[in-house]
Every structure is written in C-alpha cells, then in structure tokens.
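Here is what each chain is made of, one letter per residue.
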Amino acid sequence: MDTEILLGLLRQEGWEVAAAPEAANLLLVNTCGFIQAAAQEAVDTILELARYKEADPGKRLVVTGCLVQRYGPDLAAQMPEVDLFVGVNDFPRLPQILQAAAADEARLFCAAPPFDYAAPQPRYPATPRSFAYLKIAEGCSHRCTYCTIPGIRGPLRPRPLATLLAEAQALVVSGVKELNLVAQDTTAYPGLPELLRELGGIQSLEWIRLLYAHPARITRELLETMAGQPQICPYLDLPIQHGHDEMLRRMGRGYSRRQILATCRLIREFLPRAALRTTVMVGFPGETEEHLAALCELIAEVRFEHLGVFIYSPEEGAPAARLTPPVPRRLARQRARIIKTLQAQIVKARQKSLKGTIQPVLVEGVSAESEHLLAGRLITQAPEIDGQVFITAGDVRIGEIQPVLITRALPYDLVGEVVDGRAKKELTTKTQRSPRTTKK
Ligand code: SF4
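Residues numbered from 1 in each chain as written. Predicted model: local features only at pLDDT ≥ 70, side-chain atom pairs only at ≥ 80, totals over all residues. Heavy atoms only, no water.

(A) Here's a closer look at the packing of helix α8 (residues 220-228) against helix α10 (residues 257-270). Where α8 contacts α10, the axes come no closer than 10 Å and their chain directions differ by 30°. Here α10 runs roughly parallel to α8, going by the angle between their axes. Handedness of the α8/α10 crossing: right-handed. In this structure, α8 contributes R220, L223, E224 and A227 to the contact, and α10 contributes L266, I267 and F270. Classifying every residue of the contact of α8 with α10 by side-chain character gives 5 nonpolar, no polar and 2 charged. (Axes fitted to C-alpha atoms, helices over the stretch in contact; angles between N-to-C directions. Helix = DSSP H or I, 4+ residues; strand = E, 2+ residues; numbered from the N terminus. Parallel < 35°, antiparallel > 145°, perpendicular 65-115°, else oblique. Left-handed = near helix turned anticlockwise from the far one by under 90°. Contact = heavy atoms within 4.5 Å. Nonpolar A, V, L, I, M, F, W, Y, C, P; charged D, E, K, R; others polar.)

Take a look at the structure:
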C-alpha cells in the first residue's frame, strides 16, 4: 500500500507512471528490509535499475522503504549510484524532497518522526480494480523476539476512523468490491468491531477481509460482529508461528498452544464456514523433533484451510539472533517440507469437496498464469496469498461477483465456469451452497 501512496503523491505533483524503466526520468525502488532475503532482493533490484541510469545519467535513482530505514547510512556509503535514500517516515515528503534535492547535497532522509497516516492518502492502484488494501494502523507494539518491524516502523499508530471510512469510500467509488484490512496486527486496532460495522455500511462494498490478526486478541465481540455483518468475509488470517509452548515463549508471541486451540474452536463456533489461514515458522533456535511433532499435531487438529511455512533466519538487531542452539538450514528445510506435505493432505479433501458446487467468485481479470485464462477468487481466498479460481467459460464480467460452477480441483487452485440463471437453477440440487450470499 505504501507504493500506491507514493505513486499517488507523485501523481498529485504532475508525475506520470512510465511503462518501462527506459522511458522513466525517475527510477523509484520501494524496498522491504525485514528479513535478509527481502533485503537481498531489494539490493538486486537497485543494482538492476542502476544500469538504466548508467546508460542515461539524466535519470534519477531513488530508494525508499524499510531497507533505507534499517541500513540507510551503510547504503548511502556503499551505493554512490543512488541519488536519494528516503526512509519510511519521510516518504510522504518525497515530492518536496525531490524538489529540494535538486539544489541540495543531502542524499539520506530517514530521521523524521513516525508517519501516522492520519489524513486520507492519495492512492495510485497497484492491484486489480476489484480489490484494495486498507492499512488501518502503522507500526507494532509487540516484541516478538525474531522481528525487526517495531524498530523499523515504530510503535502502533491506529489511523482515525473517519480517515479510514473516507479512504474506503473513495476506493469503493473507484470500483473496488473487496477491502482487505491490513496492519502489522489488525486486532490491535482500538474499536476494531466498530470499524468493521462502519465499513459494513458502505454501499456497494461487497467483501471486507481481515488479515494479520493476532491469535491472543480474537474476542467474542469481534467474532459476533463478523458473524453478524454480511459483507465481512468468513475468513481469518491468524499467524500462529508455532504449536509448542517452549517455542512460542522463546518467540515472545504472548500466547500458548492451549490459547491457540481455544481461539480456533471459538472461531469455528461463531463462523462455521470460515477459512482459517496461518503462517508457521520452523528452524527457530532450539527447535527439536518434539517441538515439530507438537506443531504438526496442532496443524492436523485445527485443519487450517490455508497455511504458509517459513524458515527462521536470524536478523541483525532482533533478540532471537542471540538464541542457541541454531537449527542447521538443511534440517529446517526438511521440517518445512514435512509441514507442506501435511498441509497438502489437509487441503486435498477440502478442494475435492468444492467440485460440482456453485460458488460466488469475484472475477479479477486475466490470470497471471496464462493470458488465455480469466481468474477470480472465492470469498475464502485472500488476494495474492491463497489459491484462485481459473474461469474457462461463461458470460464473464470482470470486477463482478458471479456464480461459478467448480469443474476441477487442483492442489491449491480451482477451475470453473460462470453459470447463468437457468443453469444455476438446474444445478442447485447437487450444490452445497454456502449460507452466506453476496450482497447485490
Ligand atoms: S506482531 Fe508481527 S510485526 Fe509485531 S513484533 Fe510480532 S511479528 Fe513483528
């Protein structure tokens, strides 16, 4: 979303988005630097764009984002080819910095007080028109031992309710049907149920999805609100990270295995059709086979509909970097494979159960997999992280929610055809319809 705001701010100042780096006067890299893999990817991108500047020295190369906030002085010393480095708190001032920098020698800007996103921000959409992200808070006040985000992004700063409603309204007017609420921890937002109720009152907003919820902060009030608002997707993204108490304690997550199980049971009770997504981390220092077995047991018990597995990597400045004993990389990779295999078995049965049913699908447009296929998503599939539905036939209307007959179940994705009213009626008898319907 920061990239969309950056582009929105620049467009306000008269800049246009170029189709290719060759055509651009300004080469802008918005970086992520939370983990080493992302930092390396960002450095590779900067070096790649630096070649365009080498070929045309009139271009300006500007780097923004977390990598700058984390390593700004080192980067400025080591990358003379970059004209400006702008940290996460200074990026809203980028248009002014660009102007001033023409007459100034300063190259590094990452000292301003934390940006609070209090006012509605201009956005240049980087996602299909059908969905958008809505950042409800910036920063994080948790202290997970492996994480550098609080140090980079600062403490939690919730955005005002009125700002969020104005931004959401503007997105819906521009054609957005689905809003995905994001923050480092969305459940840390004070008055989250109220925010959800208010968003639910926006005309033509069809789906509202809550991402990045903290397992220790799922309340009955939140679940009641979710169950009572037809636009709120029956979906919760609950990154548990591990299933053994000792690992959870070492990670500083602030909850136990018992709490995870109780929370998941409560969610299933309030939202029986909900899809649960989680992420887990293997290879954390001190993780044993016994810890892994406990994690597998928990995954098998909860049967998450979507699960991502990450391998721990020590981050400079994070307390966990000092923990021992380290788990060898090869062993951590093996453990990740065990989790993936287990999850594939869980998903297989659910995917098969969808075959032959008619499901509402938000049609997004041409699939990233093939230009000959259109793709969309079920209400239980979040954009960019879960599977999708490839649409092979029917009267397709991009940007709309349409009934799709699921004809094939792939390991993570589905294949289907848009069905019209008549066909839909004929097929209803063999369809397990969800009790949730989309608002028309
Ligand atoms: S809740 Fe998320 S962002 Fe906050 S410290 Fe923990 S892992 Fe980092």
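(B) Local environment of the pairing of strand β13 (residues 358-366). Where burial is concerned, most of β13 is hidden: 7 out of the 9 residues are buried. Two strands pair when backbone bridges link them, and β13 and strand β16 (residues 401-409) are joined in this way by 5 bridges, in the antiparallel orientation. Bridging across to β16, P360 finds its partner in P403. Pairing between β13 and strand β14 (residues 374-377): 4 bridges, direction antiparallel. By the bridge assignment, V363 is partnered in β14 with G376. (Buried < 20%, exposed > 50% of the residue type's maximum accessible area, 1.4 Å probe, protein only. Pairing = 2+ DSSP bridges.)

(C) Looking closely at the packing of aromatic side chains. Inspection of every chain in the model, using the stated rule, returns 4 aromatic pairs. Arranged with centres 5.7 Å apart and planes meeting at 85°, the rings of F131 and Y133 form a pair that is edge-to-face. Each member of the pair, F131 as well as Y133, carries the same accessibility label: buried. Three or more aromatic residues joined by ring pairs make a cluster, and in this case those are Y146, F284 and Y312. The ring of F131 carries R377 above its face, with NZ or CZ at 5.2 Å from the centroid. (Phe/Tyr/Trp six-rings, centres within 6.5 Å; stacked < 30°, edge-to-face > 60°. Lys NZ or Arg CZ within 6 Å of the ring centre and 35° of its normal.)

(D) Summary view of helix α7 (residues 192-200). Among all positions of α7, only L192, P193, L195, L196, L199 and G200 are buried. Viewed end-on, α7 has its buried residues packed into an arc of 160°, placing them on one side of the element. Its buried side turned inward, α7 meets β5 (131-135), α6 (161-173), β8 (178-182), β9 (207-210), α8 and β10 (232-237). (Arc of directions from axis to C-beta.)

(E) Representation of the sheet that holds strand β2 (residues 60-65) in the model. Taken together, the 4 strands give an open sheet; going across it, the order is β1-β2-β3-β4, and neighbouring strands pair in parallel fashion. Of all strands in the sheet, those bounded by a partner on one side alone are β1 (26-31) and β4 (108-109). In the sheet, strand β3 (residues 84-86) pairs with β4 via 2 bridges, with the strands oriented parallel. Across the sheet, residue V86 finds its bridge partner in β4, namely F109. Along the sheet, helix α1 (residues 2-12) makes contact with β1 and β2, crossing β1 at roughly 150°. Lying on the sheet, helix α2 (residues 36-55) is in contact with β1 and β2; it crosses β1 at an angle near 175°.

(F) View of the site of the ligand. Taken together, the neighbourhood of the ligand is formed by C140, H142, C144, Y146, C147, I149, P150, Q184 and R253. Among the residues making up the shell around the ligand, the classes are represented as 6 nonpolar, 2 polar and 1 charged. (Near = heavy atom within 4 Å.)

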